[in-house]
Amino acid sequence: MKNSCKTIDFFLGSNSENGFVSHFAQLQNPYDGRKVHILKGGPGTGKSSLMKELAKAVQPFEEVLECIHCSSDPDSLDGIVLKQSNLSVIDGTKPHAMEPEYAGAVENVVNLLSCVDHIALEKHREEIVKISTVISGYHRKFCELLKCANVMLDANRKCILPYVDIHKMSKTAERIAKREFKPIKETVGEEKVRMLSAFTPKGLITYQNTIKTLCKKCWFIQDEYRVCAPVFLELLRQKCKEAGYSCYVCHSPFKAKDEIEHLLIPQLGLAFLTVNKYEPMDQIQPSKIINTTRFINIEIFRTKKQRLHFYKKTAAEILQEAISMLEKAKQAHDELEQFYIPNVNFKEIGQICSQLQSDILKRYQ
């Protein structure tokens with residue numbers, strides 16, 4: 001029995017300028033042999049607590065335990081991913097709702113709402129609807145503010161981009177890939193999309209412990225304007241796949257849908273990390289540092305200095321206001337839970353957890 005389980009933390013969803021972006025669907029692949037337990041239940045029904053209990057139970061059997069955190073409340077879990085048992089337990093409620101597509105064969109739905117006193121809750125119908133609407137309003141306001149901040153930041157990127165030497169960047173990425181990615185097989189490497197960072201009620205959180213657990217060698221890509229790093233990382237991602245290595249492709253909280261911010265390659269113990277004011281990576285010791293100004297004609301910083309500074313400062317102020325919306329949403333969500341908690345039969349929840357735990361532990365035999 002193993003007793004040296006390591007924990008890594010990620011997000012799999014985040015509010016974006018276009019609403020909530022979810023990467024949960026990749027855990028529901030019917031061809032990878034993975035079993036998925038989908039939890040259904042309202043706020044305060046114990047979904048996160050159940051997953052934390054399961055995580056403790058499987059630690060002796062797992063080498064690496066992957067915990068998926070909620071960007072609206074990073075102290076809560078939205079899922080756990082277990083490699084040794086090839087199994088996931090996921091919160092399948094909105095905004096990252098999941099439904100079974102191959103019920104029983106691939107997914108199992110765990111209904112925690114069956115442990116809720118619906119008649120008692122119905123007496124608070126108006127309050128629950130009102131608070132839920134308020135929460136949605138705060139999240140919508142956050143998305144609008146993030147969009148405004150991105151307008152400022154994108155204006156800087158568009159200003160700098162014509163001064164970027166793409167050819168020089170490509171050559172540098174090619175040299176690094178040749179040095180770091182020694183081909184190991186003919187097949188293409190597997191990719192997992194994750195988020196190391198997300199905007200939360202506690203501010204912008206980055207799980208640097210995950211980097212330290214998976215990667216001993218870290219390349220810093222210093223890019224204050226996020227102009228070169230996404231392009232540079234895309235080049236390295238392609239080279240990594242071609243060489244046959246699997247990796248975590250980590251998306252940016254600014255552009256959660258498709259912008260690459262970090263690349264983690266556990267097989268090599270190697271990471272390529274975007275570093276800037278928002279993500280200083282102060283807990284990580286860099287092995288190499290690439291300052292992306294080497295790819296940019298620095299004349300742009302002399303001639304457009306005032307404009308670049310104004311947009312950057314304005315974006316930072318907008319982001320502070322955006323985070324305050326998430327704080328208010330969290331406060332409202334805590335109020336909402338107070339209607340549910342007294343009306344949940346936690347003894348029944350415990351029984352469901354025990355049965356699920358028993359089913360999961362059988363997979364290790």
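Residues numbered from 1 in each chain as written. Predicted model: local features only at pLDDT ≥ 70, side-chain atom pairs only at ≥ 80, totals over all residues. Heavy atoms only, no water.

(A) Focus on the pairing of strand β13 (residues 247-251). Judged by how many residues are buried, β13 sits mostly within the fold: five of five residues are covered. The alternating pattern of β13 places Cys 247, Val 249 and His 251 and Tyr 248 and Cys 250 on opposite faces, both of which are buried. Sheet topology places strand β9 (residues 191-194) next to β13; four bridges connect them, and they run parallel. For Val 193, the partnering residue across the bridge sits in β13 and is Val 249. Here β13 pairs with strand β14 (residues 260-265) via four bridges, running antiparallel. Bridge pairing links Tyr 248 to Leu 264 in β14. (Buried < 20%, exposed > 50% of the residue type's maximum accessible area, 1.4 Å probe, protein only. Helix = DSSP H or I, 4+ residues; strand = E, 2+ residues; numbered from the N terminus. Pairing = 2+ DSSP bridges.)

(B) Just the layout of surface pockets, in detail. There is about 1,200 Å³ of room inside the largest pocket. Lining the largest pocket are 43 residues, with Pro 43, Thr 93, Lys 94, Pro 95 and His 333 positioned closest to its centre. For the lining of the largest pocket, the secondary-structure elements that each account for two or more residues are β2 (13-16), α1 (47-58), β5 (64-70), β6 (73-82), α3 (125-160) and α8 (305-340). Residue composition of the lining of the largest pocket, by class: 14 nonpolar, 19 polar and ten charged. Lining the second largest pocket are 23 residues, and of these Glu 66, Lys 83, Glu 190, Lys 192 and Tyr 248 lie nearest its centre. When residues of the lining of the second largest pocket are traced back to their parent elements, those giving at least two are β5, β9 and β13. The leading source of residues in the lining of the second largest pocket is β9, at three residues. Taken together, the residues of the lining of the second largest pocket break down into eight nonpolar, six polar and nine charged. (1 Å grid on protein atoms, 1.4 Å probe; cavity = no way out; pocket = protein on both sides within 12 Å on 5 of 7 lines; lining within 4 Å. Points joined across faces, edges and corners; volume = space filled by probe spheres on them. Nonpolar A, V, L, I, M, F, W, Y, C, P; charged D, E, K, R; others polar.)

(C) Here's a closer look at the environment of Lys 168. Take Lys 168: it is sitting in helix α4 (residues 166-180). Separated by 62 residues in sequence, Lys 168 and Pro 230 place their C-alpha atoms 15 Å apart.

(D) Summary view of the pattern of salt bridges. Within the structure shown, the criterion is met by 15 salt bridges. Between Glu 234 and Arg 237 there is a salt bridge whose closest N-O contact spans 2.7 Å. Here Glu 234 and its partner Arg 237 are both found in helix α6 (residues 229-242), three residues apart, which amounts to about one turn of the helix. Classification of Glu 234 by relative accessible area gives partly exposed; the value is 29%. Shared partners join several salt bridges into a network, and the residues in it are Glu 17, Asp 154, Arg 157, Arg 226, Lys 255 and Glu 259. (Salt bridge = Lys/Arg side-chain N within 4 Å of Asp/Glu carboxyl O.)

(E) Quick peek at empty space enclosed by the protein. Taken as a whole and judged by the stated rule, the model has one cavity of 30 Å³ or more. Leu 153, Asn 156, Glu 224, Tyr 225, Arg 226, Tyr 278 and Lys 312 are the residues that line the largest cavity. Class assignment of the residues belonging to the lining of the largest cavity gives a composition of three nonpolar, one polar and three charged.

(F) The arrangement of the state of the cysteines in detail. Evaluation of the coordinates by the stated rule reveals zero disulfides. A disulfide-free cysteine, Cys 218 has its sulfur positioned 5.8 Å from the sulfur of Cys 215, the nearest such atom. Cysteine Cys 228 is unpaired, with the sulfur of Cys 159 as its nearest cysteine sulfur at 13 Å. (Disulfide = S-S within 2.5 Å.)

(G) Highlighting the sheet that holds β14. Spatial strand order, β9-β13-β14-β15-β12-β16: six strands in an open sheet with mixed pairing. Looking along the sheet, the strands with just one partner apiece sit at the ends: β9 and β16 (288-291). On average, each strand axis in the sheet is inclined to that of its neighbour by 20 degrees, with strand direction left out of account. In this fold α4 packs onto β12 (217-222), β15 (270-275) and β16, with an angle of close to 175 degrees to the strand it touches most, β12. Running at roughly 30 degrees to β14, α6 makes contact with β9, β12, β13, β14, β15 and β16 of the sheet. (Axes fitted to C-alpha atoms, helices over the stretch in contact; angles between N-to-C directions. Contact = heavy atoms within 4.5 Å.)

(H) Representation of the packing of α1 against helix α9 (residues 346-362) in the model. Running from N to C, α1 and α9 point in directions that differ by 35 degrees, and their axes come no closer than 10 Å. For the pair α1 and α9, the crossing hand works out as right-handed. Here α1 contributes Leu 50, Glu 53, Leu 54, Ala 57 and Val 58 to the contact with α9, which in turn contributes Cys 353, Leu 356, Gln 357, Ile 360 and Leu 361. When its residues are assigned to classes, the contact of α1 with α9 shows eight nonpolar, one polar and one charged. (Left-handed = near helix turned anticlockwise from the far one by under 90°.)

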